Amino acid sequence: QVQLVESGGGLVQAGGSLRLSCAAAGIMFRINAMGWHRQAPGKQRELVATTTSGGVTNYADSVKGRFTISRDNAKNTVYLQMNSLKPEDTAVYYCNAGILGLGSYSDYWGQGTQVTVSS
């Protein structure tokens, strides 16, 4: 059984920073792309950033220049460094990863971590 465990959310003032972490645990043979999505109240879940196993990154326009996604393949962990946070960044943040586990390849999601940015 593969699990993604997130940490690092919280409450921060506008202009502040937070760092999210997401560690994959379980029996895994390969992790492909990893990423972060977010969902604000009353809105659809949206892509924030992704990174391939080779380190190629992609960002939503709304976070370019402020957020940085990175991964540590040795630790099966993906990070999201969020700087210059804005109230509109308030959302539940979810990590996801494409993982080849025992016998199958699946898309896994974390449980979500709340990020609240006060003005």
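Residues numbered from 1 in each chain as written. Predicted model: local features only at pLDDT ≥ 70, side-chain atom pairs only at ≥ 80, totals over all residues. Heavy atoms only, no water.

A.B. asks: Outline the side chain of S21, supporting the account with residue identities and numerical values.
C.D. replies: Its location among the elements puts S21 in strand β3 (residues 18–25). On the basis of relative accessibility, which here comes to 17%, the residue S21 falls in the buried class. Dropping the residues within four chain positions of it, S21 is found in contact with V5, E6, S7, W36, V78 and Y79. (Helix = DSSP H or I, 4+ residues; strand = E, 2+ residues; numbered from the N terminus. Buried < 20%, exposed > 50% of the residue type's maximum accessible area, 1.4 Å probe, protein only. Contact = heavy atoms within 4.5 Å.)

A.B. asks: Describe the nonpolar core, naming the residues involved and giving the relevant values.
C.D. replies: One finds W36, V48, F67, L80, M82 and Y93 to be the most contacted residues of the largest nonpolar core, which totals 29 residues. Sorting elements by how many residues they give to this core places strand β9 (residues 91–100) first, with 5 residues. If sequence neighbours within four positions are ignored, F67 has contacts with R38, V48, Y59, L80, Q81, M82, N83, L85, D89 and Y93. (Core = buried A, V, L, I, M, F, W, Y, C linked by side-chain atoms within 4.5 Å.)

A.B. asks: Lay out the sheet that holds β3 in plain terms, naming residues and giving numbers.
C.D. replies: Paired through backbone hydrogen bonds, the strands of a sheet run either parallel or antiparallel to each other. Sheet architecture is open: 4 strands sit in the order β1-β3-β8-β7, paired in antiparallel fashion. Strands at the two margins of the open sheet, each flanked by one partner only, are β1 (3–7) and β7 (67–72). Across the sheet, the axes of successive neighbouring strands diverge by a mean angle of 15°, strand direction being ignored. Summarising the sheet, β3 and strand β8 (residues 77–82) pair through 6 bridges and their orientation is antiparallel. The residue bridging L18 from the neighbouring strand is M82, located in β8. (Pairing = 2+ DSSP bridges. Axes fitted to C-alpha atoms, helices over the stretch in contact; angles between N-to-C directions.)

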